[in-house]
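Topology and contacts: notes
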Amino acid sequence: MIRFEKVTKRFADGTTAVDALDLEIADGETVMLVGPSGCGKTTSLRLINRLEEATGGRVLVNGQDVSQVDPTQLRRGIGYVIQHAGLFPHRRIEGNIATVPRLLGWARAKIQPKVDDMLETVGLDRTVAQRFPHQLSGGQQQRVGVARALAGEPPVLLMDEPFAAVDPIVRARLQQEFLDLKKRVRKTIVFVTHDVDEAIKLGDKIAILKEGGQLAQYGRPVEILARPADSFVADFVGRERTLKRLALMTADSLDVTPGNPVDPDADAERVGAAAAEAGQPWVPVVGEDRRFQGWCDSRRLVNGHTAGQLAGGLSIATVGPGDTLRTALDAALSAESRSVVRVDAAGNYLGVITLERIAEAGLWS
Amino acid sequence: MELIRWSWVGRHLDDIGWLFVEHIQLAGLALVFGFAIAFPLSLMALRWPRLYGPLLGFTGVLFTVPSLALFILLIPYTGLSKATSLIGLTIYTLLILVRNIVEGLRGVSPHVLDAAKAMGLTRTQRLFQVELPLALPMIMAGIRIAAVTTIGLVTVTALIGQGGLGRLFIDGFTRDFATPVIVGFVLSVALAVVVDLLLVRLQSALTPWHDEAGR
Ligand SMILES: Nc1ncnc2c1ncn2[C@@H]1O[C@H](COP(=O)(O)OP(=O)(O)OP(=O)(O)O)[C@@H](O)[C@H]1O
Ligand SMILES: [Mg+2]
């Protein structure tokens, strides 16, 4: 876990790059730092591995104040990826990737397989191992940068605009690979970008920084889109743009998830099972007539009661094929389940559309 | 009249060989001493950038002192000795070496240095594993210029009784006899060319990444 406690960074020339930042990043989470140029994203990131020293407050990594840890030891346990990859031009790809394992004093027999493993992880052919960085394309170099950062098996990975210097097509591919990678390697990742779309696409959470190094909002992408803290955040994430786009799309353009509906007579046990299978506590209640009757909270359904009894009082808004996604968004936002039920033209239950799905549609279509 | 009297050359092969060896010794030692002084000076100049200007200025002034004058200035202290010759020659290598070492180290990409620091390399590891290897092409270029310059300059020290092959010039001029002059000239030029070629070879062996870059 990484924690910023009232962290301030004031440079010698008086610039306040980070101002009393409080931020907590849980293990295994990917947090995106976004904000306009000069708002202190890079500085915040570099405070974690002590490439910059805080002038106020403290940064904790796994409960330990980083200022109390030897910086070289600290850094060997934290992967770091930068925009231009920063590969060592005089070392072959293999040597670049082996940098931290060598510093950590790994046995040669352990390093070689690790290099191969890392190349595979980032989707590079083993034949590049013997090349020098300049013999690789920009996208390949960026992959090597990631491989090098991961080779020492650090629990934490810091990335500073890693995909900013490659062309849009390569970037989209690297982003997709990043999503796959982060599922496999389970690292705590802090990722700096000035591209909101990238932040929304790649982050579990987003921290939006303002000019002057202040935290404007911190939360899950959908939360920020749905409830921007202020007009700065709303403008920054382009909420208007997203809403307009959603208003132009209809519900039938989205796939539904089954949602595991239960009938009104279902007891706590059956509702619990359905919820567990769906992976979320809210279960739609659908009658024999295939009408949606409301949401049932599996956590609140006590023995002896039925799903139908709980469902009645809750939001029963649904969207049909012709309704816009804007309507769907409002419905999903007002429902505690953070989802909306989709019905067909005749009003029969079809499935569930989640808030995430709607937000994604607004951002990516 | 023949340009070169081969019989003289044949009779003096031993002497010529000795002078040749002495020439290499003087130039080689001057380079080694020059590097040994220039290297720490350069590191200091990088560590304290305010030193760099005055340092270059000082070594620059030394460089502009006419070579003969410099040797003569040293005579009161070190006499007509090998030391005088070596000190003078060493001073001449300094400017070239300091400038190239400093520029070479300063030319290392800040991104690369930043990455090295972030990977957890210590200051010393960064210097020897990253900065020096990357500055090597520039440093080697300095060594080449210094070597060629010094090999030429050694001959001047013949005037203070040293000078390796330069002594052949003095011999030839005083007797108005061309052969030793030509032999001395050809050998010292050949030495410079060969040393330069060897250094180029050494450089490509030491910097394979640079070569394959086609730069
Ligand atoms: N070494 C430094 N000395 C003085 N000021 C600095 C230094 N490094 C950064 N700053 C200033 O601190 C502020 C934050 O810089 P930082 O690099 O963290 O911004 P950023 O959010 O990463 O910007 P960008 O999106 O342009 O990369 C800026 O005003 C910058 O000029
Ligand atoms: Mg930045």
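Residues numbered from 1 in each chain as written. Chains lettered and ligands numbered in written order. Predicted model: local features only at pLDDT ≥ 70, side-chain atom pairs only at ≥ 80, totals over all residues. Heavy atoms only, no water.

Per an unreviewed UniProt entry, chain A goes by Proline/glycine betaine ABC transporter ATP-binding protein and derives from Rhodovibrio sodomensis. As its UniProt record puts it under Sequence similarities (unreviewed entry), chain A is described as follows: "Belongs to the ABC transporter superfamily." (UniProt positions renumbered as here; feature names shortened; annotations may be inferred.)

This part takes up the domain arrangement of chain A. Residues and elements named next belong to chain A. Along its sequence, chain A is carved into domain 1 (2-244) and domain 2 (268-362). Placing a centre on the C-alpha atoms of domain 1 and another on those of domain 2 gives a separation of 37 Å. Counting residues at the interface gives 7 residues for domain 1 and 8 residues for domain 2. Together, Val222, Arg227 and Leu243 form the three largest contributors to the area buried by domain 1 at its contact with domain 2, with a combined 59%. Taken together, the connections running from domain 1 to domain 2 amount to 1 salt bridge. Here Arg220 and Glu356 are joined by a salt bridge, their closest N and O atoms 2.8 Å apart. At the surface where domain 1 touches domain 2, the tally comes to 1 residue pair in polar contact (both at pLDDT 80 or more). (Domains from an automatic or database assignment. Contact = heavy atoms within 4.5 Å. Buried area = accessible area lost by both parts, 1.4 Å probe. Salt bridge = Lys/Arg side-chain N within 4 Å of Asp/Glu carboxyl O. Polar contact = N/O pair within 3.5 Å; in protein donor to acceptor, adjacent residues only side chain to side chain.)

A separate point is the interface of chain A and chain B. Contacts between the two partners involve 24 residues from chain A and, on the opposite side, 20 residues from chain B. Here chain A meets chain B over a buried area of about 2,000 Å², counting both sides, of which 65% is carbon and sulfur. Between the two partners, chain A and chain B, sit 1 salt bridge. The residue Arg46 of chain A makes a salt bridge to Asp114 of chain B at a minimum N-O spacing of 2.7 Å. Where chain A meets chain B, there are 6 residue pairs in polar contact (both at pLDDT 80 or more). Across the side of chain A that touches chain B, the residue classes break down as 10 nonpolar, 8 polar and 6 charged. (Nonpolar A, V, L, I, M, F, W, Y, C, P; charged D, E, K, R; others polar.)

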